[in-house]
Amino acid sequence: MEHIVEIKNLKKHFGELRVLDDINFHIDKGDVITVIGSSGSGKSTLLRCINLLEIPDDGEILLHGKDILKGELDVNKHRAKVGMVFQSFNLFNNMSVLKNCMIGQMTVLKRSKEESQKKAEQLLATVGMSSFIGASPAQLSGGQRQRVAIARALCMDPEVLLFDEPTSALDPEMVGGVLAVMKDLAKSGLTMIVVTHEMGFAREVSSRVVFMDSGIILEEGPPEQIFTAPKNERTREFLSRYL
Ligand code: ADP
Ligand code: MG
């Protein structure tokens, strides 16, 4: 079977700093990959490369077998197919919740206003935000903003959705609601790559867990194996901080 995303020998430097050092992995339809690892290990850079927010120095990023780093590519269309949810939400603060979820559909996917609105309303309902359609993002809590950001990404019918520490900026009481939405999405078959420090979520929802350390994938496996019998000493040491 062709992978949705396949990464081959991916490398990225910032100046002298080697941030991604020969990364290889893939994700298949319906998989939930969680990426764990210490701060500075390259997790965000990996997601940002897949979303073309960073351009790698070397290697391949294949989307359905086609290298996104070669030839002409419409970056906005790419980011519709490979959506991203950020730690800091990145909503448009000058637009209502509803408009936030409509604008990309209209400009990038060329959907009509009516169709975009219908889809936005449907997905805002999915994340439990129907009653905030007319609100401005500034009026919402962090957890509510993040649920809107997830709905906005879903409105683009992504083939894969990337989450970069979606709950790290939230007050503790807001984390559960966002994780519940993400669990539902995982169960519904959405293909997801999730960078997270929420080990309970990773353990419960992941198809595979990837442990990154200093720009490499040090260990990768099913959650039962990674959490109960990690092969690498560094993985064991990292996980022991969460016990
Ligand atoms: P993580 O998400 O795992 O915390 P990052 O991918 O954000 O790690 O960062 C990996 C390393 O690359 C860190 O040392 C970080 O300081 C560095 N880095 C990230 N982005 C840049 C950038 N735009 N310019 C220079 N260094 C960067
Ligand atoms: Mg990061």
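Residues numbered from 1 in each chain as written. Chains lettered and ligands numbered in written order. Predicted model: local features only at pLDDT ≥ 70, side-chain atom pairs only at ≥ 80, totals over all residues. Heavy atoms only, no water.

1. Focus on the sheet that holds strand β3 (residues 32–36)
Taken in spatial order, the 6 strands of this open sheet run β6-β7-β8-β3-β9-β10, and their pairing is mixed. Among the strands making up the open sheet, the edge pair consists of β6 (82–85) and β10 (216–221). For this sheet the average axis-to-axis angle between neighbouring strands, irrespective of direction, equals 20 degrees. Relative to strand β8 (residues 192–195), strand β7 (residues 160–164) runs parallel, the two sharing 4 bridges. Across the sheet, leucine 161 pairs through a bridge with methionine 192, a residue of β8. Helix α1 (residues 43–50) contacts β3, β6, β7, β8 and β9 (208–213) of the sheet and is inclined by roughly 150 degrees relative to β7. (Pairing = 2+ DSSP bridges. Helix = DSSP H or I, 4+ residues; strand = E, 2+ residues; numbered from the N terminus. Axes fitted to C-alpha atoms, helices over the stretch in contact; angles between N-to-C directions. Contact = heavy atoms within 4.5 Å.)

2. Some words on the pairing of strand β2 (residues 17–27)
Put simply, side chains in a regular strand alternate between the two faces of the sheet. Alignment of strand β1 (residues 5–14) against β2, held across 8 bridges, turns out to be antiparallel. Bridge pairing in β2 places lysine 12 opposite leucine 20.

3. Some details on the pairing of strand β4 (residues 58–63)
Here 5 bridges tie β1 to β4, and the two strands are oriented antiparallel to one another. Counted as the bridge partner of lysine 8 is glutamate 60 from β4. The pairing of β4 with strand β5 (residues 66–67) spans 2 bridges and is classified as antiparallel. Residue pairing across strands places leucine 62 opposite aspartate 67, the latter belonging to β5. Between the antiparallel neighbours β4 and β5 lie 2 residues, among them histidine 64 with a positive phi of about 50 degrees.

4. Details of the sheet that holds β2
Read from one edge of the open sheet, 4 strands run β2-β1-β4-β5, paired in antiparallel fashion. Bordering the open sheet on either side are β2 and β5, each of which pairs with just one other strand. Each of β1, β2 and β4 is contacted by α1, which is oriented at about 60 degrees to β2, the strand it contacts most.

5. Description of α1
For α1, a buried count of 6 out of 8 residues is recorded, marking the element as mostly surrounded by other parts of the structure. Of the residues one or two after α1, leucine 52 is the one with positive phi, at around 65 degrees. (Buried < 20%, exposed > 50% of the residue type's maximum accessible area, 1.4 Å probe, protein only.)

6. A closer look at the UniProt feature "domain: ABC transporter" (unreviewed entry) in the chain
UniProt's feature table lists "domain: ABC transporter" (unreviewed entry) at residues 5–239, given in the numbering used throughout. In this annotation, residues 5–239 is assigned 38% helix and 25% strand; the end-to-end C-alpha distance for the span is 27 Å. (UniProt positions renumbered as here; feature names shortened; annotations may be inferred.)

7. Notes on the site of ligand 1
Close contacts around ligand 1 come from Phe14, Leu17, Val19, Ser38, Ser39, Gly40, Ser41, Gly42, Lys43, Ser44 and Thr45, and that covers them all. Residue lysine 43 places a side-chain N or O atom 2.8 Å away from an oxygen atom belonging to ligand 1. Between threonine 45 and ligand 1, the recorded distance is 2.5 Å, taken from a side-chain N or O atom to an oxygen atom. Taken by itself ligand 1 offers 560 Å² of open surface, and the protein chains cover 60% of this. Of all the secondary structure elements, the ones that give two or more residues to the shell around ligand 1 are β2 and α1. The element best represented in the shell around ligand 1 is α1, accounting for 3 residues. Class assignment of the residues belonging to the shell around ligand 1 gives a composition of 3 nonpolar, 7 polar and 1 charged. (Near = heavy atom within 4 Å. Polar contact = N/O pair within 3.5 Å; in protein donor to acceptor, adjacent residues only side chain to side chain. Areas by Shrake-Rupley, 256 points an atom, 1.4 Å probe, with all protein chains shown as cover. Nonpolar A, V, L, I, M, F, W, Y, C, P; charged D, E, K, R; others polar.)

8. A few points about the environment of glutamate 237
For glutamate 237, the position within the fold is in helix α9 (residues 233–240). The exposure class of glutamate 237 is partly exposed, given its relative accessible area of 34%. A polar contact of 3.2 Å, which involves the side chain of glutamate 237, links it to the side chain of arginine 234.

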